[in-house]
Amino acid sequence: MRLSTSLLAAAGAVPLATAQLHELAVKAGLQYFGAATDTPGFREREPYPESYSQYDAILEDPKEFGQTTPTNGQKWLFVEPEPGVFNFTEGDYVANLANRTNKILRCHALVWHSQLAPWVETTEWTKEGLREAIVRHITEVAGYYRGRCAHWDVLNEALDEDGTYRKSVFYNVLGEEYIRLAFETAAKVDPEAKLYYNDYGIERPASVKTAGAVRLVKMLKDAGIKVDGVGMQAHLHADNHPSEADLINTIGMYKEVVKEVAFTELDVRIKVPVDEQKLQWQSECYQKVVGACVKTKDVCVGITIWDFYDPFSWVPHVFPGNGASLLWFEDFSKHPAYDGMVNYFGELIEAQGGNATCS
Ligand code: G3I
């Protein structure tokens, strides 16, 4: 997947030396290459606040990232901390940044069992009460952001590891009905947004969870409910990741039931300590995602990495002993995966008969 010297020559003088991810992704036929980000006060670790200016310069560079997602700010816990009390301060930070820096905004996430406001889990619900709470939440939140969200992750992680429905408060009270209600409501409130089902562990074709995601989306379609896309979060592992062919086959399965897919939360964790071999595996993994998306670009619209700066990654907090999963190290030098993707994008653009040179 390395660009050969002859290909480089064919592409023109120093074609990729200054090329950046979003501009290459667009040249390769995707809608975007993006990075999720958080409100400064919410970033996972804050090694030195003076790094923010360097961080912000990379984040805001339109050639690097043409899309963004708030990693936390639009979640229930933050937008509706008390019943009927809405607060868009955190979500607005990223929505405004997207607007100011001309980025596509993916909105995340309307209904999710995690980072729920505590009252949602402690209330003794009747079916009718929970229906009303879901409808009010989606109506207020998707209504507030109407016209700004290219995509909404309407439903996040509703499947267990075995592909059956997760036994969340929503499922326990309403069963499958809550899924239909969430999508129906989102479609009414923001008819222009692409509505997504988003989950992790649904990137491999033989996985029971992938089958579950196909079933879930097909259930909605069969009920005549609008669902536009499947978001593969793609929290992957450097030392054990799906092949490009596997990813392409998985996308083919989703293509049977929805019009589009996206890689929505890509990161590739490494077991620390980091070494060259592991960084090479990581680079290969990032490249496989690029290849799979570009080679299915009639369906795969784009790739979002879940932040880009290692100190702000969620991974070491949740999986101690793992880290370095993004593209910029703490000292702001780039991982080899960055050039790996740049070169592979170039190769794919050449293969399509284009010229990888970017101005
Ligand atoms: O709410 C407190 C806030 O008051 C405090 O100022 C701040 C500073 O430490 O911490 C805040 O809570 C943290 C929150 O992120 C906001 O930073 C939580 O402790 C922390 O657990 C939470 O982690 C987030 C995680 O979702 C929760 O499950 C990660 O940042 C976020 O990247 C992660 O994102 C999820 C996707 O939404 C869904 N897919 C998986 C992905 C990774 O877990």
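The text that follows walks through the structure, step by step, so that each part is easy to find. (Residues numbered from 1 in each chain as written. Predicted model: local features only at pLDDT ≥ 70, side-chain atom pairs only at ≥ 80, totals over all residues. Heavy atoms only, no water.)

## A closer look at the packing of helix α11 (residues 244-255) against helix α12 (residues 276-295)
Describing two packed helices takes the angle between their axes plus the distance from one axis to the other.
1) Next: In contact at an axis separation of 8 Å, α11 and α12 are set at 40° when each is read in the N-to-C sense. Considered as vectors, α11 and α12 are oriented oblique to each other. Read as a crossing pair, α11 and α12 show a hand that is right-handed. The segment α11 lies against α12, with Glu244, Leu247, Ile248 and Ile251 engaging Gln287, Lys288, Val289, Gly291, Ala292 and Lys295.
2) Next: Residues belonging to the contact of α11 with α12 are distributed by class as follows: five nonpolar, two polar and three charged. (Axes fitted to C-alpha atoms, helices over the stretch in contact; angles between N-to-C directions. Helix = DSSP H or I, 4+ residues; strand = E, 2+ residues; numbered from the N terminus. Parallel < 35°, antiparallel > 145°, perpendicular 65-115°, else oblique. Left-handed = near helix turned anticlockwise from the far one by under 90°. Contact = heavy atoms within 4.5 Å. Nonpolar A, V, L, I, M, F, W, Y, C, P; charged D, E, K, R; others polar.)

## Structural notes on the environment of His241
1) Next: Take His241: it is sitting in the loop between β7 (235-237) and α11.
2) Next: Given a relative accessible area of 15%, His241 falls into the buried group.
3) Next: In the structure, His241 is positioned 198 residues away from Arg43 in sequence and 27 Å away in space, judged by C-alpha atoms.
4) Next: Discounting residues that sit within four places of it in the chain, His241 has contacts with Arg204, Trp281, Glu284, Cys285 and Lys288.
5) Next: Among the polar contacts made by the side chain of His241, one reaches the main-chain carbonyl oxygen of His237 at a distance of 3.4 Å.
6) Next: One polar contact links His241 to Lys288, side chain to side chain, over a distance of 2.8 Å. (Buried < 20%, exposed > 50% of the residue type's maximum accessible area, 1.4 Å probe, protein only. Polar contact = N/O pair within 3.5 Å; in protein donor to acceptor, adjacent residues only side chain to side chain.)

## Side note on helix α7 (residues 127-144)
1) Next: Over its 18 residues, α7 runs 26 Å from end to end, which matches the ideal 26 Å to within 8%, given 1.5 Å per residue.
2) Next: All of the buried residues in α7 are Gly129, Leu130, Ala133, Ile134, His137, Ile138, Val141, Ala142 and Gly143.
3) Next: Contact partners of the buried residues in α7: α4 (76-79), β3 (104-112), β4 (151-156), α8 (169-174) and α9 (177-189). (Expected span 1.5 Å × (residues − 1).)

## Regarding the packing of aromatic side chains
1) Next: Within this structure, the stated rule accounts for 23 aromatic pairs.
2) Next: Judged by centre distance (5.6 Å) and plane angle (90°), the rings of Phe88 and Tyr145 are edge-to-face. Here Phe88 is found in the loop between α4 and α5 (89-100), whereas its partner Tyr145 is found in the loop between α7 and β4, with 57 residues between them in sequence. You'll find Phe88 and Tyr145 in the same group, each marked buried.
3) Next: On the basis of an interplanar angle of 25° and a centroid distance of 5.6 Å, the ring pair of Phe170 and Tyr178 is categorised as stacked. Summarising the burial analysis for this pair, Phe170 and Tyr178 share the class buried.
4) Next: Members of the aromatic cluster, joined through ring pairs, are Phe33, Tyr52, Tyr55, Phe65, Phe308, Tyr309, Phe312, Trp328, Phe332, Tyr338 and Phe345.
5) Next: Stacked on the ring of Tyr196, the Lys or Arg Arg106 has its end atom at 4.7 Å from the ring centre.
6) Next: Against the face of Phe319 rests Arg269, its NZ or CZ located 4.2 Å from the ring centre. (Phe/Tyr/Trp six-rings, centres within 6.5 Å; stacked < 30°, edge-to-face > 60°. Lys NZ or Arg CZ within 6 Å of the ring centre and 35° of its normal.)

## Focus: the site of the ligand
1) Next: Near the ligand lie 18 residues; those nearest to it are Phe42, Glu44, Lys75, His108 and Glu265.
2) Next: Between Lys75 and the ligand, the recorded distance is 2.6 Å, taken from a side-chain N or O atom to an oxygen atom.
3) Next: A distance of 2.8 Å is found between a nitrogen atom of the ligand and a side-chain nitrogen or oxygen belonging to Glu157.
4) Next: Burial of the ligand by the surrounding chains reaches 62%, relative to a free accessible area of 800 Å².
5) Next: Judged by its atoms lying within 2 Å of the grid points, the ligand is housed in the largest pocket.
6) Next: In terms of residue class, the shell around the ligand is built from five nonpolar, nine polar and four charged. (Near = heavy atom within 4 Å. Areas by Shrake-Rupley, 256 points an atom, 1.4 Å probe, with all protein chains shown as cover. 1 Å grid on protein atoms, 1.4 Å probe; cavity = no way out; pocket = protein on both sides within 12 Å on 5 of 7 lines; lining within 4 Å. Sits in = over half its atoms within 2 Å of the grid points.)

## Things to note about the pattern of salt bridges
Note on pairing: side chains with opposite charge can pair once their charged atoms come close.
1) Next: Counted under the stated rule, the structure contains 15 salt bridges.
2) Next: Measuring nitrogen to oxygen at the nearest pair gives 2.7 Å for the salt bridge that ties Arg131 to Glu128. Taken together, the positions of Arg131 and Glu128, both in helix α7 and three residues apart, correspond to about one turn of that helix.
3) Next: Relative accessible area serves as the criterion here: at 42%, Glu128 is assigned to the partly exposed category.
4) Next: Three or more residues joined by partner-sharing salt bridges are found here, namely Glu128, Arg131 and Glu177. (Salt bridge = Lys/Arg side-chain N within 4 Å of Asp/Glu carboxyl O.)

## Observations regarding helix α10 (residues 208-222)
1) Next: In this model, α10 (15 residues) spans 21 Å end to end at C-alpha, consistent with the 21 Å of a helix rising 1.5 Å per residue.
2) Next: Residues of α10 that are buried: Lys209, Thr210, Gly212, Ala213, Val214, Leu216, Val217, Met219 and Leu220.
3) Next: In this structure Ser207 caps α10, since a side-chain oxygen of it lies 3.0 Å from the backbone nitrogen of Lys209.
4) Next: A positive phi of about 75° marks Gly224, the residue just after α10.

## Overview of the layout of surface pockets
1) Next: Taken as a whole, the largest pocket holds about 690 Å³ of empty space.
2) Next: Taken together, 32 residues line the largest pocket, and the ones lying closest to its centre are Glu157, Gln233, His235, Glu265 and Trp314.
3) Next: Per-element tally for the lining of the largest pocket: the top contributor is β7, with three residues.
4) Next: Its residues placed into classes, the lining of the largest pocket shows 11 nonpolar, 11 polar and 10 charged. (Points joined across faces, edges and corners; volume = space filled by probe spheres on them.)

## Some words on the state of the cysteines
1) Next: Under the counting rule described, the total for this entry stands at two disulfides.
2) Next: Sulfur-sulfur distance for the disulfide between Cys107 and Cys149 comes to 2.1 Å. Handedness of the Cys107-Cys149 disulfide follows from its S-S torsion of about -80°: it is left-handed. Of this pair, Cys107 sits in strand β3 while Cys149 sits in the loop between α7 and β4, and the two are 42 residues apart along the sequence. Across this residue pair, the class does not change: Cys107 and Cys149 are buried.
3) Next: Paired by a disulfide, Cys293 and Cys300 hold their sulfur atoms 2.0 Å apart. What sets the handedness of the Cys293 and Cys300 disulfide is the S-S torsion sign, and at about -90° it is left-handed.
4) Next: What links to what in the protein chain: the bonded cysteines, counted in sequence order, pair as 1-2, 3-4.
5) Next: Cysteine Cys285 is unpaired, with the sulfur of Cys293 as its nearest cysteine sulfur at 14 Å. (Disulfide = S-S within 2.5 Å.)

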